[in-house]
Every structure is written in C-alpha cells, then in structure tokens.
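Fold and geometry: a report
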Amino acid sequence: MSASDIRPPADRAPMLSVERVGDFTEDELHELCEATDAAVIGGGGFGWVNPPGRQALERYFRGLLLVPERELFVARMDGHLVGSAQLVRPPRNNEAQAFAAQLMHAFIAPYARGHGLARLLTLRVEDGARALGYHVLNLDVRETQTAAIALYESLGYIRWGVHPAYARIAGRTVAGVHYYKLLQPGGRIG
Ligand SMILES: CC(C)(COP(=O)(O)OP(=O)(O)OC[C@H]1O[C@@H](n2cnc3c(N)ncnc32)[C@H](O)[C@@H]1OP(=O)(O)O)[C@@H](O)C(=O)NCCC(=O)NCCS
C-alpha cells in the first residue's frame, strides 16, 4: 500500500481515529514504517534526520512495545495507520516528578496532514495520561516545527523555556521550545 492509495478522495472527509496499541499486524507495522519514513523525509521531528532503513524502523517499533514506561498511540485515516505519538511515564525512582508524563515523537505523515488528526492524537494522549493519574504533560519541539508549535499552543500548552542548543540538523544548531499543560481540573498537581 503506497501513500497515494492512502490519500482520501477529494469529495469526502476522511475517517479519523486514534488508539493505543499493544501489538501490530505485519500490515500495520508496514504502514507505520511508511508513515515514519515519509515524515522523516519531510523534515520530521521524529528524532531521525535521515530515514534509518526499514529493518531498523521495524526493530524500533517492535522494541518500543516492550518498554514498560512507554505507551504507543497510533493515528488512522480511513483505517490506515498514518502517524503516532508516545506517552512516556517517569521512571519509578523519580518520585519527585511522579505526577508528570511526557508526550514524545508525535507525527502525522505528510499525506495525511491537514485533516485534524494531530489534534485528535494529542487529545487522546492527554486522555491516556489523565486516565493513568498524571497531572502534567510535558513536551518539547524544535523551534523550526511551526505547525507543531501552532498545534500545541492552540491546545493550551504553556511555553516555559527555550533551549538554544536543542538539536543539530544538517550541521546547524536548532533551538527547542519546551511546553507543559496541566491536565486536571483546576490545574492542581497533587
Ligand atoms: C505538526 C503535525 C503533527 C500536524 O499534523 P496535522 O494532522 O496536519 O495537524 P491538524 O490537522 O490536526 O492541525 C491541528 C492544528 O495544528 C496547527 N497546524 C497544523 N498544520 C499547520 C501548518 N501547516 N501551519 C500552521 N499551523 C498548522 C493548526 O493550529 C491546526 O489547527 P486548525 O486546523 O484549526 O488551524 C504535522 O505537521 C507533523 O507531523 N509535523 C512534523 C513532525 C512534528 O513537528 N512533530 C511534533 C513534535 S515532535
């Protein structure tokens, strides 16, 4: 299945959904790797600057499902897997920050953007974090990822700092922007 098969027809809105996954079929893993490749090539935000190759990506996602602190959420368009995000819980020894989780590695493949899927994905990860009892969700993003910055600010994430030496992309140092959102009513953290 290629990206052009996944693009929705122009005459209707696509069906969007998000779910937490604990396992993949071979087809789902294939679609997730395709989506990741396309996002990395498109300037990504997924940590990789160059696509790492299919075998490495498959190992990465299979391994991710085994990491106890990480929950993988996948975004679907018309049933096809086109993006993902990770909810990362603090390690057990970090009692002082046990109330805070992190949203990492969120992306939607370029061929599925502009339909509201990232907004839905972010809201579902927030619901997941709330359901696990977290009070704060932290995230950070390269300052060059302007679409992501607009998304998170529109969802009420509060910018608390800028890291001037956050990432190196094509030989250039790129700053990163750090955000948090209080998840519980009234903004309490305990
Ligand atoms: C950021 C990203 C996830 C948005 O995905 P998407 O599914 O197209 O986003 P949505 O359609 O849900 O848009 C939701 C909001 O995001 C913002 N947004 C999305 N695309 C935008 C763009 N190209 N320019 C400006 N704002 C944009 C808008 O606020 C938008 O709300 P609106 O449609 O009411 O204006 C996607 O562009 C992406 O994967 N980028 C690369 C990876 C990345 O930056 N990840 C985040 C940090 S790791």
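Structure shown above.
Residues numbered from 1 in each chain as written. Predicted model: local features only at pLDDT ≥ 70, side-chain atom pairs only at ≥ 80, totals over all residues.

Counting buried positions along strand β4 (residues 100-108) yields 7 of 9 residues, so the element is predominantly enclosed. One ladder, built from 5 bridges, connects strand β3 (residues 80-88) with β4; its direction is antiparallel. Its bridge partner lying in β4, leucine 87 is registered against leucine 103. For β4 and strand β5 (residues 136-142), the ladder comprises 3 bridges, and the chain directions are parallel. (Buried ≥ 20, exposed ≤ 12 C-beta atoms within 10 Å, placed from the backbone. Helix = DSSP H or I, 4+ residues; strand = E, 2+ residues; numbered from the N terminus. Pairing = 2+ DSSP bridges.)

Let's shift gears to helix α4 (residues 117-131). For α4, which comprises 15 residues, the first-to-last C-alpha distance of 21 Å matches the rise-based estimate of 21 Å (1.5 Å per residue) to within 8%. What α4 keeps buried is the set Leu117, Ala118, Leu121, Thr122, Val125 and Ala129. Taken around the axis of α4, the buried residues stretch over an arc of 135°, which confines them to a single face. α4 presents Leu123 and Ala131 as exposed residues on the side facing more than 90 degrees away from its buried surface. Against the buried residues of α4 lie β1 (16-21), β2 (70-77), β3, β4, β5 and α5 (146-154). Of the residues flanking the end of α4, it is glycine 133, one or two places downstream, whose phi is positive at about 95°. (Expected span 1.5 Å × (residues − 1). Arc of directions from axis to C-beta. Contact = placed C-beta atoms within 7 Å.)

Another aspect to go through is the packing of helix α2 (residues 26-41) against helix α3 (residues 54-64). At a closest axis distance of 10 Å, the pairing of α2 and α3 adopts a crossing angle of 115°. The crossing of α2 and α3 is right-handed. From α2, Leu29, Leu32, Cys33 and Thr36 reach across to α3, where they touch Arg54, Leu57, Glu58 and Phe61. Residues of the contact of α2 with α3, tallied by class, amount to 5 nonpolar, 1 polar and 2 charged. (Axes fitted to C-alpha atoms, helices over the stretch in contact; angles between N-to-C directions. Left-handed = near helix turned anticlockwise from the far one by under 90°. Nonpolar A, V, L, I, M, F, W, Y, C, P; charged D, E, K, R; others polar.)

The sheet built from 7 strands is open, its strands ordered β1-β2-β3-β4-β5-β7-β6 with mixed pairing. Each edge of the open sheet is held by one strand with a lone partner, namely β1 and β6 (158-169). When the angles between neighbouring strand axes are averaged without regard to direction, this sheet yields 25°. Both β5 and strand β7 (residues 172-182) contribute to a ladder of 7 bridges, which runs antiparallel.

With that out of the way, let us pick up the environment of glycine 42. If you trace the backbone, glycine 42 turns up in the loop between α2 and α3. For the pair formed by glycine 42 and proline 110, sequence separation is 68 residues and the distance between their alpha carbons is 7.0 Å.

Quick look at the nonpolar core now. Among the nonpolar cores identified, the biggest contains 38 residues, and Val82, Ile108, Ala109 and Leu121 are the most heavily contacted of them. Going through the elements one at a time, α2, β2, β3, β4, α4, β5, α5 and β7 are the ones with two or more residues in this core. Ignoring any residue separated from it by four or fewer positions in sequence, one finds alanine 109 in contact with Ala35, Ala38, Ala39, Val82 and Gly83. (Core = buried A, V, L, I, M, F, W, Y, C linked by C-beta atoms within 7 Å.)

One non-glycine residue, aspartate 78, lies in the positive phi region at around 50°. Take aspartate 78: there are 15 C-beta atoms within 10 Å of it, and that puts it in the partly exposed class.

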